[in-house]
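Observations on the model geometry
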Amino acid sequence: MKNNILKYFILLLSVLVIFTVYLSTVGIETDKFNDQIKNRVSQINNNIDIDLKKIKLTFDPLKLKIYAKTVGTTVYFSKIPLALETIKTEVSLSSLIKKKISSSNIEVKTKPILLNDLIKFIRTTNNKPQLFILEKIVKKGHVIIDLSLNIDENGKIKNDYEIVGLIKDASINFLNKANFKNINFNFNFQKDNYLFNEINFKAEEVNFTSKKVNIKKKKNSFLVYAILENDRSSLNSNILKLLNLSFENIIIDDAKFKTNNEFSLEIDEKFKVKNIILSSDINITKLKYKKLKIINNYFPEVDDLILLDNHKLNLNYEDNNLSIKGEGQIQLNYDQVDEIKYLINKKDKDLSIDSELFLKNIFLDQQDFLKKFFPQTNKKINFNNQKLKINLKNNNLTFSGSGKFKIDKDFEEIDYFIEKKENKIFFNTNLNIKNTKFKIDNINYKKKNKSKMNLLINGELKNNKSLNINKFIINEEDNYIKIENLSLNDSNQIIKIDQVNFNYLDTENKKNNYNIKKVKGQNYLIDGTSFNANSLISNLLDANDKKGNNLFENNVSMDLNFDEVYLDKIYFVKNLSGKINIVNNKVEQADILAFYNNSQNIKFTIKTNEQGEKITTLFSSKAKPLVDRYKFIKGFKDDREGYLDFYSLKKDGVSTSKLVIDNFKVKEIPALAKLLALASLQGIADLLTGEGIRFTDLEMNFTNQDKHMKIQELYAIGPAISILLEGYIEEDKLISLRGTLVPATTINRSIASIPLLGDLLIGKKVGDGVFGVSFKIKGPPKDLKTSVNPIKTLTPRFITRTLEKIKKN
């Protein structure tokens, strides 16, 4: 009995062992659990149906667990099939005995599945808005997945899942901002952590590759970190838009680029990209920059599109701040390639550019204010071999540099700093010139030919009108000029000047050594050892009274003190002192005294009385320095020390004047007067000796109003000839003069008939053949008509004026 029991036990044990070995190695297939599995899936989501094949069961005797595996399963949702390669799970032995499968782990391997089908399947279990958006942007692609899930007692998936797989040939349209296609990569997904590797894709025809992309979930957004690179490709604006970058002046249509990038970004639940951090090494060609208006204002020959080529850049982007550091070639116009280094910073609409350039040639438009100093300024100023630094910040531009420049005919040396800020241009320029013409008309200065000159200018130009020169220094051989704080308005009038030092030889080869110093307000002291006033006097005499010499913006007063002042190229005075008050650019008060020698002087005064009458007086012991300036008197000579006395009273725009010149000769007078002079023995002697026609007296009474001059009387008498005339002159329009011209013999004979006076006259008495002429001159200045008629008797007026002169002498 015992033996039988033992036999049966051994047999049963053997069968059990054999069954266990068979079940753990070969396993068994069954479909008895298919309905239970379908019901369990329906409980999870009733939209899902599953088509199961027979389940193969294998036993793990050590863990007392049954492993269930099925091959070729198809999952349906909304009647759309999802083909699976295998499903493998763990089943407890107790659930198998109870004929009710209860699984805690599921491993699923899929066949290649359409991405959109997979997304739809996931949405059946978790219908978040992100999945809806993802379904819309994914256009195509396949995925193979190895899925490992742990399920709790309630049939819910635990968070310790792992999804491994790969995506092939996917395509995404990212909210119409950028297209990504030919997407291929491997992935490993775990709770809140998504790892991608071996990535390659094409975005806007650019092929990108990446060894690694890591995405981590943070609350309601995803943090992305990636390393990305691409081969040389065309740059597309949609990529910049994706990064939220906008460049109003950059054109990238023909640009080619190659990059190596490291970046991170955040994508929120609405798939909005933010918090971009980007670091890139970029090689780029054919990038074009649209010229700013401010550049066009000064550099017109720069092409509208500036070409940047063969550039190596390091780009950093964070918090909407873009920084680009690079170097390469720049082409400002079609026939010239230069080198550039730069640093670009952009935040929102604020743009700053710091650059270093080496420019072979660049042209600056001529600036109007330069023509005052450089008389032969070219229309374009050529800068050559310039080492230039440029900073552009919004609309403020600064640039500094050094090199060669050509404003005239030859290249000269220059270094400079210029800043344009709002409506001001600040400048600091240092020029070394040799062959460029340079002048300052107001002080009669002109650089000598071939001489070396250094010019330093520091100041500012406001609204392209008012100019303030903080420092102006000229060094040219023995010439030195220094101006400090000179302010000019848009009419080039002097607003103020603090101090000026002059020590130079002017265009008339006269030494000028004097200083101007602002004492207080608009009061100035002008003193020095020598000053050439020739051009100043000429300008004052030639000035149009209406136009005036508008040198000053404000009323000024000047104290004068000079050791020596030149009146012209020959004559000079010593110990000049005085005071001048200028109101509305007209001399209101003046009192100036200087000396030719101990006994001869020149004195000039202007006084304005309470009635508004301006009285001007000028007395000069020597007439020649002043009379020589008038074109109608040539070869003036005053061997007898002839003087000049002038008096004028002006009121309500009308001046009444009297001019007296005593003891002088004129070498060149009209031909008619010369012929008449031959009627006098004295006149013949004067002409033969070349001394000129002598006049003992000239007196002229005249009035001026606007451009109209009325000569009430001009009378000149001399041993050879005498003239009496009257008339008027309208400036640049009409001349009308009439008068009498007679030789001295005629005067002598006529006066001799008057008792007691004849004996007082000098000259030979002649017979009845005396003569003289009356004349008329009339017409526009360029077309004067002259008529001459002989006279045999003198008018009472002529005789009266002659008697007055004889009596006076």
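The shown structure was predicted, so the numbers you read here are calculated from the model rather than taken from an experiment. (Residues numbered from 1 in each chain as written. Predicted model: local features only at pLDDT ≥ 70, side-chain atom pairs only at ≥ 80, totals over all residues. Heavy atoms only, no water.)

Focus on the overall build of the protein chain
Just so we agree on the cut-off: In this text, helices come from DSSP runs of H or I with a minimum length of four residues, and strands from runs of E with a minimum of two, each type numbered from the N-terminal end. Throughout, exposure labels follow a simple rule: accessible area from a 1.4 Å probe, protein chains only, divided by the maximum for the residue type, with under 20% read as buried, over 50% as exposed, and the rest as partly exposed. In this description, contact between two residues means that some pair of their heavy atoms is separated by no more than 4.5 Å. Only the protein chains shown count as cover for residues, and the accessible areas themselves come from Shrake-Rupley with a 1.4 Å probe.
The helix and strand inventory of the protein chain stands at 13 helices and 48 strands. Counting only residues that meet the buried cut, the protein chain has 41% of its 809 residues in that class. A sequence separation of at least 24 residues applies to 46% of the contacts in the protein chain between residues at least 6 apart. Of the roughly 46200 Å² that the protein chain leaves accessible, carbon and sulfur atoms contribute 53%.

Some words on the side chain of H311
Filter applied, for reference: By the criterion applied in these results, polar contacts are pairs of N or O atoms within 3.5 Å in which, for protein atoms, one can donate a hydrogen and the other can accept it, and in which residues neighboring in sequence qualify only through two side-chain atoms.
Looking at the secondary structure, you find H311 in strand β19 (residues 305-318). Within the structure, H311 has its side chain in polar contact with the backbone oxygen of Q329 (distance 2.5 Å). Here Y342 takes part through its side chain, which lies 2.5 Å from a polar atom of the side chain of H311. If sequence neighbours within four positions are ignored, H311 has contacts with I282, N283, I284, E327, G328, Q329, I330, I340 and Y342.

Some words on the pairing of β19
Our working rule: Being paired, for any two strands, means DSSP has found at least two bridges between them.
Relative to β19, strand β17 (residues 273-285) runs antiparallel, the two sharing eight bridges. Opposite S279, over in β19, you have N316 as the bridge partner. Sheet analysis places strand β18 (residues 287-290) next to β19, joined by four bridges and oriented antiparallel. Bridge pairing in β19 places K288 opposite L307. Bridge analysis of β19 against strand β20 (residues 321-333) gives ten bridges, and the strand direction is antiparallel.

Describing the pattern of salt bridges
Convention followed: Salt bridge, as used here: a side-chain nitrogen of Lys or Arg that lies within 4 Å of a carboxyl oxygen of Asp or Glu.
Applying the stated criterion across every chain, the model contains 14 salt bridges. Its salt-bridge partner being E413, residue K404 comes within 3.9 Å of it at the nearest N-O pair. A salt bridge links D783 to K785, with the nearest nitrogen and oxygen atoms 3.6 Å apart. For D783, a relative accessible area of 42% translates into the label partly exposed.

Side note on the packing of aromatic side chains
Here the distance between the centres and the angle between the planes together describe a pair of aromatic rings. Worth spelling out the cut-off: Between rings of Phe, Tyr and Trp, where Trp is taken as its six-membered ring, a pair exists when centres lie within 6.5 Å; planes separated by under 30 degrees are stacked, by over 60 edge-to-face, and by other angles tilted.
Within the structure shown, the criterion is met by 22 aromatic pairs. A ring pair is formed by F373 and F472, whose centres lie 6.3 Å apart and whose planes are at 40°; its orientation type is tilted. Placement of F373 in the loop between β22 (350-365) and β23 (380-393) and of F472 in strand β30 (residues 466-476) is noted, with a sequence separation of 99 residues between them. A single burial state applies to F373 and to F472, both of which are buried. Geometrically, the ring pair formed by F619 and Y643 is tilted, given 5.9 Å between the ring centres and 35° between the ring planes. Residue F619 is found in strand β39 (residues 614-620), and its partner Y643 is found in the loop between β40 (634-637) and β41 (644-651); the two are separated by 24 residues along the sequence. Among the residues examined, F619 registers a relative accessible area of 32% and is labelled partly exposed. Using a relative accessible area of 25% as the deciding quantity, one classes Y643 as partly exposed.

Here we look at the environment of T617
Here T617 lies in strand β39. Given a relative accessible area of 25%, T617 falls into the partly exposed group. In sequence terms T617 and K603 are 14 residues apart; their C-alpha atoms lie 8.0 Å from each other. If we ignore the near neighbours within four places in the chain, the residues touching T617 are K603, F604, T605, F646 and Y647.

Points about empty space enclosed by the protein
Basically, it comes down to this: The way it works is a 1 Å grid over only the protein atoms, where trapped points that fit a 1.4 Å probe form a cavity and open points with protein on both sides within 12 Å along at least five of seven lines form a pocket, and then any residue with an atom within 4 Å of a point lines it. Grid points are joined across faces, edges and corners, and a volume is the space filled by probe spheres set on the points. When residue character is reported, Ala, Val, Leu, Ile, Met, Phe, Trp, Tyr, Cys and Pro are called nonpolar, Asp, Glu, Lys and Arg charged, and the others, Gly included, polar.
With the rule as written, the count across this model stands at one cavity of 30 Å³ or more. Volume-wise, the largest cavity comes out at about 30 Å³. Only β20 and β22 provide two or more residues apiece to the lining of the largest cavity. With three residues, β22 is the single largest residue contributor to the lining of the largest cavity. Class assignment of the residues belonging to the lining of the largest cavity gives a composition of four nonpolar, two polar and one charged.

Looking at the confidence of the model for the protein chain
Rules: Every residue gets a pLDDT, meaning the predictor's confidence in that residue, from 0 to 100.
Summarising the model, the protein chain shows a mean pLDDT of 78, and 77% of its residues fall at 70 or more. Low pLDDT, under 50, characterises residues 749-770; the stretch is placed with 25 contacts to residues that sit more than four places away or in other chains.

Some points on the environment of Q366
Inspection of the secondary structure assignment puts Q366 in the loop between β22 and β23. You can call Q366 partly exposed: its relative accessible area is 23%. Residues contacting Q366, with those up to four places away along its chain left out, are K371, T377, N378, K379 and I381.

Quick word on the pairing of strand β31 (residues 479-488)
Bridge count between β30 and β31: nine bridges; the pairing is antiparallel. Across the sheet, the residue bridging to L467 is L488, located in β31. As consecutive antiparallel partners, β30 and β31 are separated by two residues, and within that stretch E477 has a phi angle of approximately 50°, a positive value. The sheet contact formed by β31 and strand β32 (residues 494-505) spans eight bridges and is antiparallel. Opposite I483, over in β32, you have V500 as the bridge partner. Where β31 folds back on β32, the antiparallel hairpin that results is connected by five residues, among which N492 adopts a positive phi of roughly 60°.

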